[in-house]
Every structure is written in structure tokens, then in C-alpha cells.
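# Survey of secondary and tertiary structure
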Amino acid sequence: MATLLYRLGQLCVRRRRTVLIGWAVLLVGVAAGSVALGGETSEDLSLPGTESQEAFDLLEERFPEQGGSSTRVVIAAPAGASLDDPATARAIETTFEELAAVDGVSLATAPAPGSVSPDGLVTFGEVRYPLGPLEVEDSTIAGVEAAVEPARAVGLAVEFGGDVVPGRTMEPPSSEALGLVVAMVILLVSFGSVLAMGLPILTALVGLGIGIAGIGVLSAFTELPSIAPTLAVMIGLAVGIDYALFIVTRHRQNIALGMDVEESVARANGTAGGAVVFAGMTVVIAIAGLSVVGIPFLTVMGLAAAATVAVAVAVAITLLPALLGFAGANIDRLRVPGIKARTGGAEEGPTLGARWAAWVTHHRGPSLIGGVLVMALLAAPVASMRLGLPDDGVQPESSTQRRAYDLLAEGFGPGFNAPLTVVVDLSTAAVGTDEALGAVREAVAGTDGVLFADEPVVSPGGDTAILIAIPETGPADAATEALIRHVRGDVLPQVEQDQGVRVAVTGSTALGIDISDKLADALPLFMVIVIGLIFLLLLVVFRSILIPVKAALAILVSIGSAFGVVVAIFQWGWLKDVVGLQETLPIISFLPLMMFAILFGLSMDYELFILSRVREEYVHTGDPQGAVLTGLASSARVITAAALIMVSVFGAFVLGDDPIIKMFGVGLSVAVLLDATIVRMVIVPATLSLFDERAWWLPGWLDRLLPDVDIEGARLLEHLSERDAALTESDEQPALV
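Every value quoted in this text rests on a predicted model; they were computed, and no experiment measured them.

What counts as what
- Residues numbered from 1 in each chain as written.
- Predicted model: local features only at pLDDT ≥ 70, side-chain atom pairs only at ≥ 80, totals over all residues.
- Heavy atoms only, no water.
- Buried < 20%, exposed > 50% of the residue type's maximum accessible area, 1.4 Å probe, protein only.
- Helix = DSSP H or I, 4+ residues; strand = E, 2+ residues; numbered from the N terminus.
- Pairing = 2+ DSSP bridges.
- Axes fitted to C-alpha atoms, helices over the stretch in contact; angles between N-to-C directions.
- Parallel < 35°, antiparallel > 145°, perpendicular 65-115°, else oblique.
- Left-handed = near helix turned anticlockwise from the far one by under 90°.
- Contact = heavy atoms within 4.5 Å.
- Nonpolar A, V, L, I, M, F, W, Y, C, P; charged D, E, K, R; others polar.
- Patch = residues over 30% accessible without salt bridge, like charges linked within 9 Å, V, L, I, M, F, W, Y side chains within 5 Å.
- Areas by Shrake-Rupley, 256 points an atom, 1.4 Å probe, with all protein chains shown as cover.
- Salt bridge = Lys/Arg side-chain N within 4 Å of Asp/Glu carboxyl O.
- Lys, Arg positive; Asp, Glu negative; His and termini not counted.
- Charge placed at Lys NZ, Arg CZ, Asp CG, Glu CD.
- Core = buried A, V, L, I, M, F, W, Y, C linked by side-chain atoms within 4.5 Å.
- Phe/Tyr/Trp six-rings, centres within 6.5 Å; stacked < 30°, edge-to-face > 60°.
- Lys NZ or Arg CZ within 6 Å of the ring centre and 35° of its normal.

## Considerations on the pairing of strand β3 (residues 122-129)
- Of all 8 residues making up β3, 7 are buried, and the element is well covered by its neighbours.
- Here strand β1 (residues 69-76) runs beside β3; their pairing, made up of 8 bridges, is antiparallel. Across the sheet, residue S69 finds its bridge partner in β3, namely Y129.
- Examined bridge by bridge, strand β2 (residues 107-109) and β3 share 3 bridges and lie antiparallel to one another. The partner of L107 across the bridge, within β3, is R128.

## Let's talk about the packing of helix α1 (residues 2-14) against helix α10 (residues 261-288)
- Where α1 contacts α10, the two axes come as close as 7 Å, and the packing angle between them is 135°. By the angle between their directions, the pair α1 and α10 is classed as oblique. The crossing of α1 and α10 is right-handed. Contact with α1, carried on its side by A2, L5, Y6, L8, G9, Q10, V13 and R14, involves E262, E263, V265, A266, R267, N269, G270, G273, G274 and V277 of α10 and no other residues of that element.
- Considered class by class, the residues forming the contact of α1 with α10 number 8 nonpolar, 6 polar and 4 charged.

## Here's the deal with the pairing of strand β9 (residues 464-471)
- Taken across its 8 residues, β9 has 7 buried, putting it largely inside the fold.
- Where strand β6 (residues 420-425) meets β9, 6 bridges bridge the pair, whose relative direction is antiparallel. Bridged to V423 within β9 is I466.
- Pairing of strand β7 (residues 450-453) with β9 involves 3 bridges; the strand directions are antiparallel. When the bridges of β9 are listed, F452 appears paired with I470.
- The sheet contact formed by strand β8 (residues 457-458) and β9 spans 2 bridges and is antiparallel. Note that in β9 the partner of V458 across the bridge is A465.
- Here β8 folds back onto β9, and the loop between the two strands holds 5 residues, one of which, G462, carries a positive phi near 75°.

## A short note on a negative patch on the surface
- A cluster of acidic side chains, namely E54, D57, E60 and E61, defines a negative patch on the protein surface.
- Position of E60 relative to the elements: it lies in helix α3 (residues 51-62).

## A word on the nonpolar core
- Of all hydrophobic cores here, the largest spans 165 residues; its most connected members are Y243, L298, F590, F600 and F664.
- The leading source of residues in this core is helix α11 (residues 296-327), at 19 residues.
- Excluding residues that lie within four positions of it along the chain, Y243 makes contacts with V276, A279, G280, V283, V309, A312, V313, A316 and D605.
- Among the nonpolar cores identified, the runner-up in size contains 26 residues, and V422, A436, L467 and I484 belong to it.

## Here's the deal with the packing of aromatic side chains
- Per the counting criterion, the structure on display carries 9 aromatic pairs.
- With 5.7 Å between their ring centres and 70° between their planes, F526 and F596 make a pair best called edge-to-face. With a gap of 70 residues between them, F526 in helix α17 (residues 508-542) and F596 in helix α19 (residues 591-621) connect regions that are remote in the sequence.
- Here F526 falls in the buried class, since its relative accessible area comes to 0%.
- On the numbers, 5.1 Å between centres and 65° between planes, the contact of W572 with W574 is edge-to-face.
- Since its relative accessible area comes to 39%, W572 is described here as partly exposed.
- Counting every residue linked through ring pairs, the aromatic cluster contains F124, F412, F416 and F452.
- Positioned above the aromatic ring of F326, the side-chain terminus of R16 is 5.7 Å from the ring centre.
- Here R72 stacks its cationic end above the ring of F124, 5.2 Å away from the centre of that ring.

Structure follows, in C-alpha cells:
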């Protein structure tokens, strides 16, 4: 592997113009394809094999009038007024007549006589569309917003909720820019050179551009969740900069040792590039492993993010060497005044990283215990984690969907925002339709925790019916989840048996329960597959039994601690104002699985980079303690810079409005921070020092079976040293490897 990457680095330097043109053509081509195909992301969260999905599918097949998408129109009278006023009533009637006339609206249901709040100030109706939320034309949405003017003209407040929300504002794409600016500052401080800073940024942007454009092309052929591009940006930008940082750092060290540019780039690609390739492989394996879960939207999210990481790796080991060739010996030109351009080489004398490594390895026992205790304390809140899906109650107070949510909660109670959709399949009924539906409604309405149940609505074919039940508690309340489980597991089975019908409960809260249950069932298999594959990868890379075990345990510790911090902030409300969260909420159902996949892969970046340096020293010297000191000392600076870059990129997304993106931003940034500090700088060196030579033990029979991938470039460097020595003796010019 190292020799292959060495030769690739040489080739890219020599053919740098061809490499640059090739990547530019690819970027433009994929971007043009994305624009031409015009793919869009989707809000669809299909869950094959779940009760919620079966209910949705049944409605789509037999009762399409109740399918499609909808807008809930919430109307409120000002204090001192009343909805019963004749002028107000006429304005509301006119409003819904105009809503029904909007092109693209299939049905506009005016407020029913019983849909007025007890105080007479709030009511609501519904607008339905025959298409999915993202398929509704902009002109239709604009028409709906304009059609409510008669109500607003008489002083009524009109707000929107539901699948299609007129007036919803999109978050400006400032998070990526902010993270990028912070990354530039960190690289400037780390390198002290504008040119050295610019190369990682440029290559990361090229890789990210290709990855995002590729997602645009993919979305034209398959449904991609709306969060997929944002996650790809977060991950692709962070790893793209980090991978380039590792290679540029090694290149600058080689230049400082007096190597010519081509040789320096080739060696950097053959050593640090090997760590980049295998780090990228672990990220791709972990994220692509989401495919085994069996949830379509998670599968495509994982594959999209994994593809973006794969592009970042390819850019780092081909385009970056070409750009380093263009830079030549000027890599440290355009220096920043007042910042020393350090390379991290041994010739610069003892560094803070070296002194820290010496202290940790000298106090390895207390360091290990202290690090583990801190991580365990941070992970403690995980025991109370509650999963669910976000609702409009966590949206910004300035948004129309949040105002509609609050008006309904104030006027009718919190349960109005958590309706249960009960779908009845009458095709197998053993009794009459009216009798069967009456029994279903009576059973649901009589359940403790249900405020009331509407009259059933029967499909034109008479074989399917739908009724809405309103719980007493809100969508994020644990009591609502308990109610749904009770209705599904205890109440409805008896009705089904007595009446000969099939009944399913769906709705946003029920969908969240189904997602949580399916993910909980899939998580053990997913963890076994991902940990098993990465264990095998590390076994091959480092030729050790203990190193892969230690790596898996250390990463699980950092992930658990990050989950604990997320629970404390988002579920308990600690520091929620700091992250701009207005209300507490359950942890997003798919966040644990997604974060596990992403973090298990990203954490391997630092694991591979540190351990490859440690193993490189151990192979050369045979001194396990000295290898830990040298490996950590030489890696501390670049690991710190890389971690700060990832933390800044992920942390910038906390500034957005979307609570899902906020949660990912907090979880990923905290996990990387903990992993790069407490885990990599305390727990890992202390453990390696305690293991001593046992850390690199491998049974002889297994050693003979495993391929030698030479990730740290030991055999490559040995060969190059022998070549240089022979050339020095014969006074010949260097030949190609």
C-alpha cells in the first residue's frame, strides 16, 4: 500500500497539470449533471414492515382522498373579539371558499361547528393536496397564502402547520461558511503560512463540491432525505480538510529535512496517505453499514455520506500531491506575521506535545483511571435517553408552524398537536360497517388518556375508514407514547378479534415509535457488523490483537460520552439557551444509530494517524515506550489542529434553526473534542504504555495469514534508505521505485 501511494504521489507531481484538469472536468461535469437533472430531496420517512407504514399504504391504495399532503389552517381572534361575530364568520367562510378555488388544492375543509376552542378564540380547518409535500407547486402554496387575506383583513391571526407550510423560511447556508472560516484560522495558526493553509481548504472544497453535486444527481433517481446533503456537507468538509492536513504536515516535515519536492510529496503520500486511505475506509465502512438496518432513508443517507468521504480520500491522495507539486518549495511562503511556521519535526526541540506525552506515560495508571472516570461521568445521562421525532413545538417562535402549534395547544390542549390516526380495514369485517366502526371508536375514546375520538370517515368504496383520536398530552410527552403502545397492544387487538376488522394506528408520534423500535431491533446487528469489520481492518493494519480491542472500546467510550452530553442539553435542558434551543425534546430516533456510524468512522482518523506513527517508531527502534512518546509527540500538534477543525465545522451547524441539525452538530463536535483530547491524548497513550510490548503481540500463525499492508510505510522507508545509501556510495542519481 505504502509503495503504491508513493508511486501515485510521484506520478501526480509529474503529471500535475493532467491531474488538475481531470478533477476540474469531473467537478464541472457532475455539477452540470446535478443542475440538468434537477433532483430534489424528500421528507418521506418510509418504514417498510411497520404498523405506521402499513396504514399509510392502505390509505394510499383505497382512500387516496386522505393521502397526499395537507396544510392545517389555524385561525385566532384577538383578545376581546369572538369567532361567533357575523362579520368574522363570513370572513372565515370566504377564506375557505377561496382556498378551495386555489389551483392544485383538492379539498379545503372549513372549521366544523365543534372545532372552536372553549374560549371561542381559536379554530382550525384543513387544506389537502393530491401530491406529496415536495411535489406541491410553489404557485399553489403562494395561492394558499394569498387566499387567507379575507380572514386577516378583519383582524384574525392566521397561521399554518402540517406537511405543506406556506411562508416557511429556509435557513440561510451560513453554517458551512462559518465553519470554513474558523478552519482557515486554525490552519493559519498551525502552519503560519497562507499557502499551506489554502491547499487543504481548496482540496476539501473540490471534494465537497463533487460529493454534493453527486448527491444532486442521485436524488433525481431515488428519494433522498432533506437532511442528507447537510450531513454530507458536515462530514465531507471536516474529513476533507483533516485528510489534507495530515499529508501537508508530513510533506512540510520532509521539506524541512532537505528533501526535494517530488520525493517529499511521494513520501508524504506513502506514509500519511496510507493513514488517510485506511481512515477513510473505516468511515465508509461504518456509515455504509447503515444499509443493514433495513430503513430506506437511512440507507441512502449513509451511502451518500460514505460516497462524499470516498471522494475526499481520492482528492487527498491525487489532487493534493499535484497541488503540492505546483507549490514546489514555496509551501511556507506568504507567512503570517507573528506566527512561526513550525513543521512539528524533531529538530525544533521539545514541544508541548512531547512534554505532555512524557507526563501521561510516566503517570499512566492515574491518567487512565482519571480519563475513564471523566468519560463515564459524561456518559451517565444516557441511562435516561428517550427517543422520538421533533414536532413543531421545537421550531423557532418566529415561525408560522410554531405559532400554529402554540395556538392549538392554548385553545384545545397539547394533545391537539399529537393526533392519532386510526385506520380501519373493513374488508374482512364480520359485522356491519356501522357496528364495527362504532366498536372501534368506543374502544379508543374510552381509553384513559384519550380526550375524544372523531366520527369515522369511510372511503367511497366502503372498505376502509379513518378516525382521528386526540390524546390528553402533547406529542413529546412520554404519556402519549405510552398511550399509543397501550392502544396498539391492549385495546385494539380485542376489537379486531370481536369485529373481524384490522386496525392500525399511525400519525407522527406513532411513526416516531415505529422508527425507535425498528432502530432498537437493528442496532445490535449493526454494531456487531461495523465493529467486526473495523476490528478486522485494524488487525490487518497494525498486526496486533490488543490494538483493535482497545480502539473499539475507546471509541465506544467517546460515543457514549457524546450521547450523554446530547441528552443533558436537549432532553434535560442543561445549557439549552447556549445552543439556541427554545424547548427540550426527545432525542431524534435515528440520531444514536447515525452518530454511532459517523463517529465510529471519524474517530478512526485520529486512531490510525497516532498509532501509525507509534508503530512506525516501534518497527524502527523496537522500543515500545519510546515509540509511544515519539508517536504522540509528533502527532499532538496535527491531531489538535485536525480536531479543532472538525469541532468548528460541526459546531457551526448548532447555530441553525433545525433541531435535528443542532443535535447532530452538538453530538459530533462534542464527540470529536472528547475523542481527540481525553481519549487520544490520555487514555490511548496511558493504555499503550501499560501494554508495553504486549500491545504489538500477534500469534505467529495469524501473522503468516494476514497480508502486510504497510500502512505506516516502514518497508517503504527502509527500501528508500537502502536506495539512498547505495546511490550515495555509487554517486548515482535516484531512480524510480
